[in-house]
Amino acid sequence: MTKKTRFYQPLLTALTLSLLALAGCNSGESTESLPNTQSPGTSQYNGPAPATADVQAFKINVWDNLSLSNRCGECHNSSGQSPRFAHEGDVNVAYAQANQVVNLNDPGRSALVTKVAGGHNCWLGSDQACADAITSMISSWAGGSSGSVNRIELQAPALRDPGGTLPFPESSAAFSTTVYPLLTTYCSSCHADGDTRPYLASGNVDTAYDAAKSRMSLTAPFSSRLVERLRDDRHNCWNNSCEFSANEMESAIESLAGTVTPSAVDPDLVTSKALTLDGDGLLANSGGRYEDHVIALYEFKTGEGNTAFDTSGIEPSMHLSLTGNVEWVGGYGISFGPAFSDNGFSVRNGKAQATTGNSRKLHDLLTASGEYSLEAWLVPANVTQEDARIVSYSGSATDRNLTLGQTLQNYEILQRSTTTDQNAVFSTEDGANRLQASLQHVVINFTPDQGRRIFINGEATDDVDPAPGGLLSSWDDNFALVMGNETDGNSPWEGTLRLVAFHNRALSPAQVRTNFEAGVGQKYYLLFGLSHLVDVPQAFMVFEVSQFDSYSYLFAEPFFISLDDEASPGSIPLAGMKLGVNGRETLTGQAWSRLDTTLNDGDYVAGRGQVLSRQGTIIPLEGGPEADEFFLSFSRLGDHENVVVEGALPPPPALPNLPAAPDVGLKNFDAINATMSKLTGVPVTNSQVRDTFETVREQLPSVANIEGFLSSQQMAITQMAIGYCNELVDDISLRGNFFPGFNFNAAAGTAFTPGNRDLVTNPLIDTMVGSNLDTQPLVADLEGELDDLMDSLTACGGSCEADRTATVVKASCAAVLGSATTLIH
């Protein structure tokens, strides 16, 4: 008899080991969770006291939030409709009623959640945001998402052969005569170039086509997002009828679909059954995160509009307004692009910002606990950005409570506390290259005793906070939460945020690891049917799949399984597994094309399957999760074979005859600073040279290419040299060691006689230029230049200032220190 197979969500990841650890949490560090104790502050309750601690947890986390009159309290009260979970007279009655519509083991599947997700009385601008907020409330009532592993029940999808899909044409020609005219006529007031994304009505038809693809279904035009926005959301309807507008848009998409020839699969391929992500995918990530003390949560699920919702369920909600160059990313996320000119006039830097009033939640709840964790899943666009603000709770570029930023390949945390100023910097170690232009999980912890700690991809970096811990009581409550920039818009960050959360307790290392292993974004299991190819009932090849971004899918960790617990594979050869989309094998991302293994009883575990690979791969998105049809092909599976002989690789093209690269290069900004410090003996921590370096840092060379050297860089180097030489000469001990025998108290007219000049020029040349090197300027030439400089600066007509002697030495020092002898390597 066939049985349903239960399968643990993280089975095919490294979480298999951590599952065992979680099972034994009763020893060691306490895992007791305290519920959030914040309420919206507008619900008044004067009824009987909660009868139990669980009723109190329900009141604090759910009733206080949902019993408001503008949410559920208007209808589901004591005299309203059932269930009366917002009963205002007796929270114990409300508790009993709520238990009928919640699932504490899987809050996301609660009837209370699914009802709102379907459009019932959402108080926000997004049904999904309301559903997520209620899910968070129920999770907090249930004791939070303690990181425990959730069970996923694998279920067989409907089986169908691949092929017959309608792929989008490569050219926008058909689109330009069908759907595009409607978009440009009725949507250009908002969705034209430089206005509200997506640019569906762009003046460039190719741009509009790219934006519209993921919002059209050629297979089922009635389900296209362009149609649903008109028919269901009543968004910007024309002709005074949303039904008419939706029908006209549906007809236009049908006309576009009529120009497309259905895809056909190569009959020689050995293929699995076919699936779509939205229609056949089994939701894989049902919780698994630790969120007991989350006070603000951004999962960026909305996918459109100008608001990113705080779905923590903790009031006040800090919703973010999106302005400037910010766009939604498929698979959950928002992306901050580079600044751009709007119609040639102003430069628009993107940011996502909450109001000052709502942002006060961070001040109130984090100063109350005295500690926090800032958690983010993010993808930096590059590793060349400096002073870029990723997440900031601040008032300006120089006035803040807390900032997570990027400088090159370092994460920087700037924070105010009772032991520091408002810009105390804590950074990952230079040269460790912790920040990468890839998806990373970053957690910043702060506690009064340990100060700040940084975790990247689940592991502590072991960087040591230079500042003592202290308290957060000095935080300013008039600041605003902003992401992707500073509040003034002058510190833009380029990259993508997939999730951001604030916890009012510091996460433990185990909790950080749990949240990293839970991953980010919506993930599905796709079960590709194989029973028509192998003699195993209900046989499937299963992949974990997610929409990676707006342009691609991530397929990962395939395993073979039978949903019949009494079945096993025996011995089935498998080789050359490839992914196919819309009737053809993809040209890229074939990570398992060289797989050559056997499905066998020895490696197969009933109810869990046989793992084939830990690898993942990226393949291009074509029509979107609703339209793209996936299948698998095999070179060999059981008795079926389609061995493909790869053609010979073409000969490599002749390399171009490029000009020879220079033999010398430039030192970058940090190397220049370190060199000047070493040569003068003035430490880089000296406040005067440090301030000068921070001022001109962005003006100094950042790459070694000497052909890119600019006059502005020389000006910055000169300022650095003057700063170091000024500190050298003003320090009596340093100058005495550097220029032994020279009399700084002598008048300028007598201090630089030929014999005395050597006491200045020789140390400068010996220390800063060197001798007997293969390539270096002629010493005589250097001495001549310094002589001319000294002559010019001491020609005061016998009335030089008292400090002119020191000034001349400083100028001579800066001339040598700021020259190519210290810049080139």
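Now for a quick tour of the structure. All chains use their own residue numbering, which begins from 1 and follows the written sequence. The predicted nature of this model means local features are confined to residues of pLDDT at least 70 and side-chain atom pairs, given and counted, to a pLDDT of 80 or more, with totals for whole chains, interfaces and linings taken over all residues. To obtain the side-chain values, all non-hydrogen atoms of the structure were included, while hydrogens and water were left out.

**Quick notes on a negative patch on the surface**
Then step 1. In this scheme, patches are assembled from residues that exceed 30% relative accessible area and form no salt bridge. Like charges are connected within 9 Å, while nonpolar side chains (Val, Leu, Ile, Met, Phe, Trp, Tyr) are connected within 5 Å. Only the protein chains shown count as cover for residues, with accessible areas throughout obtained via the Shrake-Rupley method and a probe of 1.4 Å. Any carboxyl oxygen of Asp or Glu that lies within 4 Å of a side-chain nitrogen of Lys or Arg is treated as forming a salt bridge with it. In this tally, Lys and Arg are treated as positive and Asp and Glu as negative; His is ignored, and so are the chain termini. All charge positions are set by atom: Lys at NZ, Arg at CZ, Asp at CG, Glu at CD. Side chains of D387, D691, E694 and E698 sit close together on the surface and give a patch of like negative charge.
Then step 2. To qualify as a helix, a DSSP run of H or I must reach at least 4 residues; to qualify as a strand, a run of E must reach at least 2; elements of each kind are numbered from the N terminus. Residue position: D691 is located in helix 16 (residues 687-696).

**Side note on the nonpolar core**
Then step 1. Formed by 46 residues in total, the largest nonpolar core has its most connected members in L481, M483, L497, V500 and F502.
Then step 2. Excluding residues within four positions of it along the chain, L497 makes contact with F300, G333, I334, F336, W377, L378, I390 and M483.
Then step 3. Core analysis: the second largest hydrophobic core is formed by 44 residues, L154, V534, L563 and W592 among them. Among the buried residues, those of types Ala, Val, Leu, Ile, Met, Phe, Trp, Tyr and Cys that are joined through side-chain atoms within 4.5 Å form a nonpolar core. For each residue, the accessible area found with a 1.4 Å probe, counting protein chains only, is set against the maximum for its type, and the residue is called buried under 20%, exposed over 50%, and partly exposed in between. For this analysis, residues touch if any pair of their heavy atoms sits within 4.5 Å.

**What about the sheet that holds strand 13 (residues 351-353)?**
Then step 1. The strand order across the open sheet formed by 8 strands is 7-8-13-22-15-16-17-18, and the pairing between neighbours is antiparallel. One side of each edge strand has no neighbouring strand; the edge strands of this open sheet are strand 7 (307-308) and strand 18 (424-427).
Then step 2. Pairing geometry for strand 17 (residues 410-415) and strand 18, over 4 bridges, is antiparallel. Bridge assignment links L414 to a residue of strand 18, and that residue is V425. For two strands to pair, DSSP has to find at least two bridges joining them.

**Observations regarding unusual backbone geometry**
Glycine aside, negative phi is the norm for most residues, and most peptide bonds take the trans geometry.
Then step 1. Here the bond from S82 into P83 is cis, since omega is -5 degrees, no more than 30 degrees from zero.
Then step 2. Its place among the elements puts P83 in the loop between helix 2 (53-66) and helix 3 (91-98).
Then step 3. For the bond from E315 to P316, the omega torsion is -5 degrees, close enough to zero to count as cis.
Then step 4. Here P316 shows up in the loop between strand 7 and strand 8 (320-323).
Then step 5. For N240, which is not a glycine, the phi torsion comes out positive at approximately 60 degrees.

**Regarding the environment of Y95**
Then step 1. In this structure, Y95 sits in helix 3.
Then step 2. Here Y95 is in contact with D54, V55, F58 and W141, once residues within four sequence places are set aside.

**Comments concerning the pattern of salt bridges**
Then step 1. Per the stated rule, a full pass over the model turns up 29 salt bridges.
Then step 2. Residue K273 is joined to D161 by a salt bridge in which the shortest nitrogen-to-oxygen separation is 2.6 Å. In this pair, K273 sits in the loop between strand 3 (270-271) and strand 4 (275-276) while D161 sits in the loop between strand 2 (151-154) and helix 6 (173-177), placing the two residues 112 residues apart along the sequence.
Then step 3. Take D161: its relative accessible area is 51%, and that puts it in the exposed class.
Then step 4. Ionic contacts of the salt-bridge type, sharing partners, join the residues R225, E228, R229 and E304 into one network.

**Side note on the packing of helix 2 against helix 3**
For any two helices packed against each other, the geometry comes down to the angle between their axes and how far apart the axes lie.
Then step 1. Their axes nearest at 10 Å, the elements helix 2 and helix 3 cross at an angle of 80 degrees. For the element pair helix 2 / helix 3, the angle class is roughly perpendicular. Residue-level inspection shows D54, V55, F58, K59 and W63 of helix 2 in contact with helix 3, the latter providing V91, N92, A94, Y95 and A98.
Then step 2. Side-chain classes are defined by residue name, with Ala, Val, Leu, Ile, Met, Phe, Trp, Tyr, Cys and Pro counting as nonpolar, Asp, Glu, Lys and Arg as charged, and the others, Gly among them, as polar. Grouping the amino acids of the contact of helix 2 with helix 3 by side-chain chemistry returns 7 nonpolar, 1 polar and 2 charged. Lines are fitted to the C-alpha atoms to define the axes, a helix being fitted only along its stretch in contact, and any angle between axes, read from their N-to-C directions, falls within 0 to 180 degrees. Orientation categories follow fixed angle ranges, with anything under 35 degrees roughly parallel, anything over 145 roughly antiparallel, 65 to 115 roughly perpendicular, and all other angles oblique.

**Considering the packing of helix 20 (residues 754-768) against helix 22 (residues 804-817)**
Then step 1. Following both chains from N to C, one finds helix 20 and helix 22 inclined at 25 degrees, their axes separated by 10 Å at the closest point. The angle between helix 20 and helix 22 falls in the class roughly parallel. Here helix 20 and helix 22 pass one another in a crossing that is right-handed. Where helix 20 abuts helix 22, its residues V760, L764 and M768 lie against V809, S812, C813, V816 and L817.
Then step 2. Taken together, the residues of the contact of helix 20 with helix 22 sort by class into 7 nonpolar, 1 polar and no charged. Helix crossings get a hand from a simple test, with the near helix turned counterclockwise from the far one by less than a right angle marking a left-handed crossing and a clockwise turn marking a right-handed one.

**Here's the deal with the state of the cysteines**
Then step 1. For this text, the term disulfide refers to a pair of cysteine sulfurs within 2.5 Å. The final tally for this structure, using the stated rule, is 4 disulfides.
Then step 2. Across the disulfide from C122 sits C130; the S-S distance is 2.1 Å. Every disulfide takes its handedness from the sign of the S-S torsion; for C122 and C130 that torsion is 80 degrees, giving right-handed. Note on accessibility: C122 and C130 belong to one class, buried.
Then step 3. In this model, C237 is linked to C242 through a disulfide, with the two sulfur atoms separated by 2.0 Å. On the sign convention where negative is left-handed, the bridge of C237 and C242, at about 100 degrees about the S-S bond, is right-handed.
Then step 4. Its relative accessible area of 24% is what places C237 among the partly exposed residues.
Then step 5. Each bonded cysteine in the chain gets a number by its place in the sequence, and the pairs come out as 1-2, 3-4, 5-8, 6-7.
Then step 6. Here C72 is not cross-linked by a disulfide; its sulfur's nearest cysteine counterpart is in C75, at 8.5 Å.

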